[in-house]
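Observations on the three-dimensional arrangement
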Amino acid sequence: MYLLNTVHRRISGAPIVVERSCSGVKEIFPICRKQVTGRLPNTDVVKLSQSARIVVPLNLALDDQILGWAVNRAIYRITFIFSCIVSSAFSGQVVAWGADAHRASGEIAWQLLEVPVQTEVKRLLKLKGETTLAEAGTWADRMRSNDAYDWVGPLHYINLPVAWDSYDKSRDCPEHGCILDAIKVNRAKLTDKSLSDIERAEALLFLVHFVEDIHQPMHTGLREDRGGNDVMVEFFGEATNLHALWDTHLPRRFINDWKAFATEEVDRLDRREVLRTAAGEPELWLQESHRLAHMNAYTDTSVLGEAYYDKNREVIALRLRQGGIRLAAVLNEALR
Ligand SMILES: [Zn+2]
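Definitions and limits used
- Residues numbered from 1 in each chain as written.
- Predicted model: local features only at pLDDT ≥ 70, side-chain atom pairs only at ≥ 80, totals over all residues.
- Helix = DSSP H or I, 4+ residues; strand = E, 2+ residues; numbered from the N terminus.
- Contact = placed C-beta atoms within 7 Å.
- Pairing = 2+ DSSP bridges.
- Buried ≥ 20, exposed ≤ 12 C-beta atoms within 10 Å, placed from the backbone.
- Core = buried A, V, L, I, M, F, W, Y, C linked by C-beta atoms within 7 Å.
- Axes fitted to C-alpha atoms, helices over the stretch in contact; angles between N-to-C directions.
- pLDDT = per-residue confidence, 0-100.
- Arc of directions from axis to C-beta.
- Parallel < 35°, antiparallel > 145°, perpendicular 65-115°, else oblique.
- Nonpolar A, V, L, I, M, F, W, Y, C, P; charged D, E, K, R; others polar.
- Left-handed = near helix turned anticlockwise from the far one by under 90°.

Brief notes about the overall build of the chain
When helices and strands are counted, the chain shows 16 helices and 6 strands. For the chain, long-range pairs separated by at least 24 residues make up 74% of all intrachain contacts whose partners lie at least 6 apart in sequence.

Structural notes on the pairing of strand E5 (residues 238-241)
Relative to E5, strand E4 (residues 232-235) is paired through 4 bridges, and the arrangement is antiparallel. Bridging across to E5, Phe-235 finds its partner in Glu-238. In this antiparallel pair of consecutive strands, E4 and E5, the connection spans 2 residues, and Phe-236 shows a positive phi of 50 degrees.

Some remarks on unusual backbone geometry
The phi dihedral of Arg-226 falls on the positive side, at around 50 degrees, and the residue is not glycine. Structurally, the position occupied by Arg-226 is in the loop between helix H11 (197-213) and E4. By the C-beta count within 10 Å, which is 21 here, Arg-226 ends up buried. We note that Phe-236 has phi near 50 degrees; this positive angle belongs to a residue other than glycine. Note that Phe-236 resides in the loop between E4 and E5.

Section: the nonpolar core
Residues Ala-109, Ile-179, Leu-204, Leu-207, Phe-210 and Leu-331 are the most contacted members of the largest nonpolar core, which totals 66 residues. Tallying contributions element by element places helix H16 (residues 306-335) first for this core, with 10 residues. Once you skip the residues sitting within four places of it in the chain, Leu-207 turns out to touch Ile-183, Asn-186, Arg-187, Leu-190 and Val-330.

Structural notes on the sheet that holds E4
Strand order in the open sheet made by the 3 strands is E5-E4-E6, with mixed pairing throughout. Only two strands of the sheet have a single neighbouring strand rather than two, namely E5 and strand E6 (303-304). Along the sheet face, helix H12 (residues 242-254) touches E4 and E5 and points at about 105 degrees away from the line of E5.

Points about the confidence of the model for the chain
Looking at the chain, the pLDDT average stands at 79 and 71% of residues meet or exceed 70. In the predicted structure, residues 1-91 sits below a pLDDT of 50 and forms 124 contacts with residues beyond four places in sequence or in another chain.

Here we look at helix H15 (residues 282-297)
Here H15 has its buried residues at Pro-282, Trp-285, Leu-286, Ser-289, His-290, Leu-292, Ala-293 and Ala-297. Looking straight down H15, one finds its buried side chains confined to an arc of 165 degrees; they lie on one side. In H15, the exposed positions that point more than 90 degrees away from the buried face belong to Leu-284 and Met-295. In this fold, the buried residues of H15 make contact with helix H10 (179-191), H12 and H16.

A word on the packing of H15 against H16
Where H15 meets H16, the closest approach of the two axes is 12 Å, and the angle between their N-to-C directions is 170 degrees. Classified by the interaxial angle, the pair formed by H15 and H16 is roughly antiparallel. Contacts from Trp-285, Leu-292 and Asn-296 of H15 reach H16 at Lys-311, Asn-312, Val-315 and Arg-326. Broken down by class, the residue content of the contact of H15 with H16 amounts to 3 nonpolar, 2 polar and 2 charged.

Quick look at the pairing of E4
Side chains of E4 alternate between two faces, with Val-233 and Phe-235 buried and Met-232 and Glu-234 left unburied. With 2 bridges joining them, E4 and E6 adopt parallel strand pairing. By the bridge assignment for E6, Phe-235 is matched with Leu-304.

Here we look at helix H13 (residues 258-268)
Listed in full, the buried residues belonging to H13 are Trp-258, Phe-261, Ala-262 and Glu-265. Mapping the buried residues of H13 onto a view down its axis gives an arc of 95 degrees, with all of them on the same face. Across H13 from its buried face, at more than 90 degrees, point the exposed residues Ala-260, Glu-264 and Asp-267.

Overview of the packing of H11 against H16
The geometry of a pair of packed helices is captured by two quantities: the angle between their axes and the separation between those axes. As a packed pair, H11 and H16 sit with axes 9 Å apart at the nearest point and diverge in direction by 145 degrees. Here H11 runs over H16; the crossing is right-handed. Of H16, the residues touching H11 (which contributes Leu-207, Val-208, Val-211 and Glu-212) are Gly-323, Arg-326, Leu-327 and Val-330. The residue makeup of the contact of H11 with H16, split by class, is 5 nonpolar, 1 polar and 2 charged.

Following this line, the structure appears as structure tokens:
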């Protein structure tokens, strides 16, 4: 993972999606490919918005010389594509819990699903080529490379003022839509058995992602700084922005293994907490995120470290846990 961290730091501010795949290795890393023959499945893809696709064999981290070459190559490619798409990609917001945060929440949800609902979720996911709920949570971000899904961009977040009293659709959810409406629309589609299976399967994929996203406080940030994307900060000496800090940097500081994290969280749950957390509608989840964004995420200083991490580590774990419990509740209700 060292390699990915390096790439991320060097181009801080750019939207990167990391996903497991070995496609594209041949074209992008012809030299590296030779070095890692036989180990290609163990790779990560770093994708920059619409078209950048960087494949980074994890094994390269073991070899400094190859590592340096690969990083330079990746940065060159990302920088090049960044300059090509800056107008289209950065007019919107960078929008996602990091992939591992999505996986962690999805895995928590999976472990809390009723068995018949698990079967139905699996059946629907298969129609879209997905195999696990954890991974399915990253689908909506993976589709950002598909022009046909450009309209989805504004649905990953909502912009709210600092002094926000309550949700007002005409004011808070503009014509292109917002995350709150997207959750409601896709929940209704998933429940509607008169729709085709493939329509319901896509609704499931959107629903999973947006329920997870709405629990990331910076997805309810301010319009003027694009949900913290324009707020540059330094976190333990690493330059990033406030949105990416909450998407990726904070979670990855204590989540090494998202599956183990999810299992530990579920093991610690008691029935009362599950019932208490599961109650409530998306407006409440939004309200909680908004409060956390302004009480915990936005800060007066741009140099952040131990104190900020200590203050927010448990908040991140809580939001991943709540997202998972609520996703399970929504799916259990829609598909039982
Ligand atoms: Zn998202």
